[in-house]
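Descriptive structure summary
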Amino acid sequence: MSETEMITTTGYTALRDFNLADAMRDELGGMDITFDRVTIPSAGGTTFELPGEMPGETDAVKEFSGVILYHHPLFSFYRERFTGGNNAPDCGSYDGVTGVGNPGGDCASCSLNQFGSGENGGKACKNKRRIYILREGELIPLLLTLPTGSMKEFGVYIKRLLGKGRKSCSVVTRFSLKKVTNAGGIAYSQAQFAVDRSLTDAELPLILSMAEQVKQFATRVGYEDDAAPAGAIDPETG
């Protein structure tokens with residue numbers, strides 16, 4: 001079997017017989033929309049936790065690959081210290097432009113979205129980025145929420161792709177972690193990104209269709225507690 005035949009068989013062409021919107025409506029109608037999550041460890045760990053084969057189980061992996069179907073900002077502000085759960089923040093934003101809630105309004109000019117407004121010189125409003133990732137051989141995307149300390153690396157990766165005329169949904173991305181120490185000597189885990197391969201001509205239109213479907217669900221997925229440990233973010237570099 002040639003390499004091209006292997007990609008066609010094991011890649012993303014199975015999506016031609018699958019519609020996420022229809023599946024969600026038929027199987028999850030009336031239920032909260034959730035996606036299995038990829039977990040980034042604290043304290044400088046370099047191993048992701050991915051959903052396992054059985055419910056409640058996780059697999060520890062050093063790296064994994066998948067297509068970034070969609071990504072967007074996720075800003076959240078809690079007046080009281082967040083203790084977990086899926087409670088909505090006092091103010092939140094899915095686009096990083098307009099906050100909804102109290103105080104709400106323009107995110108760029110909000111005093112809570114400035115360094116120094118939160119603990120350890122950080123922002124009171126936590127800035128993260130949510131990424132929907134589809135791995136080969138799967139039909140439902142995984143959800144990875146990047147903490148502040150990984151957003152700069154992600155921005156660099158996206159700009160490199162754009163500089164070559166490619167978008168994040170046109171390639172398979174390889175995700176890994178490295179241990180980083182901030183100016184205060186505190187270690188944290190920083191996500192790394194690299195191109196694994198480009199999508200084939202047969203795969204790309206299927207991925208683009210799936211990406212559009214994911215966008216429809218993105219603002220209906222609730223907030224979750226995946227905050228970085230206190231002090232892990234350098235207020236100068238994020």
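Above this text you will find the structure in question.
A brief look at the structure comes next. Along each chain, numbering runs from 1 in the same order as the chain's sequence is written. Where totals are concerned, whole chains, interfaces and linings use all residues; where local detail is concerned, this predicted model gives features only for residues with pLDDT of at least 70, and gives and counts side-chain atom pairs only at 80 or more. The basis for the side-chain values is all heavy atoms of the structure; hydrogens and waters are excluded.

Helix numbers and strand numbers start at the N terminus; a helix is a DSSP run of H or I with at least 4 residues, a strand a run of E with at least 2. Each helix and strand counted, the protein has 4 helices and 11 strands in total. Evaluated residue by residue, the protein yields a buried proportion of 42% over its 238 residues. When checking whether two residues touch, look at their non-hydrogen atoms; a contact exists if any pair is within 4.5 Å. The long-range share in the protein, meaning contacts at least 24 apart out of those at least 6 apart in sequence, stands at 62%. Here the protein has roughly 12,700 Å² of accessible surface; of this, 50% comes from carbon and sulfur atoms. When accessible area is computed with a 1.4 Å probe and restricted to protein chains, residues below 20% of their type maximum are described as buried, those above 50% as exposed, and intermediate ones as partly exposed. Here the open area of atoms and residues is found with the Shrake-Rupley method and a 1.4 Å probe, where only the protein chains shown may cover a residue.

This brings us to the state of the cysteines. Each disulfide consists of a covalent bond between the sulfur atoms of two cysteine residues. Here, a disulfide means two cysteine sulfur atoms that sit within 2.5 Å of each other. Per the counting criterion, the structure on display carries 0 disulfides. Here Cys107 stays unpaired: no disulfide links it, and the sulfur of Cys125, its closest cysteine neighbor, is 6.3 Å away. Residue Cys125 is classed as buried on the basis of its relative accessible area of 10%.

A separate point is helix α3 (residues 148–163). Under the convention used throughout, the expected extent of a helix is 1.5 Å for every residue step, that is, one less than its residue count. With 16 residues, α3 should cover 22 Å at 1.5 Å per step; its first-to-last C-alpha distance of 24 Å lies within 8% of that length. If you check which residues of α3 are buried, you get Gly149, Ser150, Phe154, Tyr157, Ile158 and Leu161. The buried residues of α3 all sit within an arc of 145 degrees when viewed along its axis, so they share a single face. Across α3 from its buried face, at more than 90 degrees, point the exposed residues Lys152, Lys159, Leu162 and Gly163. Buried residues along α3 sit in contact with β4 (63–77), β8 (126–134), β9 (142–146), β10 (171–181) and β11 (187–198). The arc in question is the one spanned by the directions pointing from the helix axis to the C-beta atoms.

Our next topic: unusual backbone geometry. Residue Pro103 is reached from Asn102 by a cis peptide bond, and omega for that bond is 15 degrees. Counting through the fold element by element, Pro103 comes out in the loop between β6 (98–101) and β7 (105–106).

Along the chain, the position of Thr34 falls in the loop between α2 (20–28) and β1 (37–38). Thr34 sits in the exposed class, given a relative accessible area of 52%. When the C-alpha atoms of Thr34 and Leu143 are compared, they prove to be 9.0 Å apart, with 109 residues separating the residues in sequence.

What follows is about the side chain of Ser150. Looking at where Ser150 falls in the secondary structure, it is placed in helix α3. Residue class for Ser150 comes out buried when judged on its relative accessible area of 0%. Those residues in contact with Ser150 that lie beyond four places of it in its chain are Ser189, Gln190, Ala191 and Phe193.

For soluble globular proteins, the rule of thumb is that nonpolar side chains tend to be buried together. The nonpolar core is taken to be a set of buried Ala, Val, Leu, Ile, Met, Phe, Trp, Tyr and Cys residues, with the residues joined through side-chain atoms within 4.5 Å. Counting 21 residues, the largest nonpolar core has Tyr12, Leu15, Val67, Leu69, Tyr132 and Ile207 as the members making the most contacts within it. Looking at this core, the elements that each hand over two or more residues are α2, β4, β8 and α4 (204–218). Setting aside residues up to four positions removed in sequence, Ile207 forms contacts with Tyr12, Leu15, Val67, Leu69, Leu134, Cys169 and Leu199. Core analysis: the second largest hydrophobic core is formed by 20 residues, Val38, Ile68, Ala191 and Phe193 among them.

Another aspect to go through is the side chain of Lys123. Within the secondary structure, Lys123 sits in the loop between β7 and β8. Positive charges come from Lys and Arg, negative ones from Asp and Glu, while His and the chain ends are left out of the count. Each reported salt bridge corresponds to a side-chain nitrogen of Lys or Arg within 4 Å of a carboxyl oxygen of Asp or Glu. This buried residue, Lys123, is left without a salt bridge; Asp106 holds the nearest opposite charge, at 12 Å. Non-local contacts of Lys123, meaning those with residues more than four positions away in its chain, are made with Leu112, Asn113, Gln114, Phe115, Ser117 and Gly118.

Pairing of aromatic rings covers Phe, Tyr and the six-membered ring of Trp, with a centre-to-centre limit of 6.5 Å; geometry is then stacked below 30 degrees between planes, edge-to-face above 60, and tilted otherwise. Taken as a whole and assessed by the stated rule, the structure comprises 7 aromatic pairs. Considering the side-chain rings of Phe154 and Phe193, the 5.2 Å spacing of their centres and the 65 degrees angle between planes classify their relative orientation as edge-to-face. Taken together, the residues span a long stretch of sequence, with Phe154 in helix α3 and Phe193 in strand β11 at a distance of 39 residues. Just as Phe154 is buried, Phe193 falls in that class too. With a centroid separation of 5.8 Å and an interplanar angle of 25 degrees, the aromatic rings of Tyr157 and Phe193 are classed as stacked. With a gap of 36 residues between them, Tyr157 in helix α3 and Phe193 in strand β11 connect regions that are remote in the sequence. By the burial criterion, Tyr157 is buried, and Phe193 matches it. Three or more aromatic residues link up through ring pairs in this structure, and these residues are Phe48, Phe64, Phe154, Tyr157, Phe175 and Phe193. The ring of Phe115 carries Lys123 above its face, with NZ or CZ at 5.0 Å from the centroid. Placement of a positive charge over a ring is assigned whenever Lys NZ or Arg CZ falls within 6 Å of the ring centre and within 35 degrees of the normal to the ring plane.

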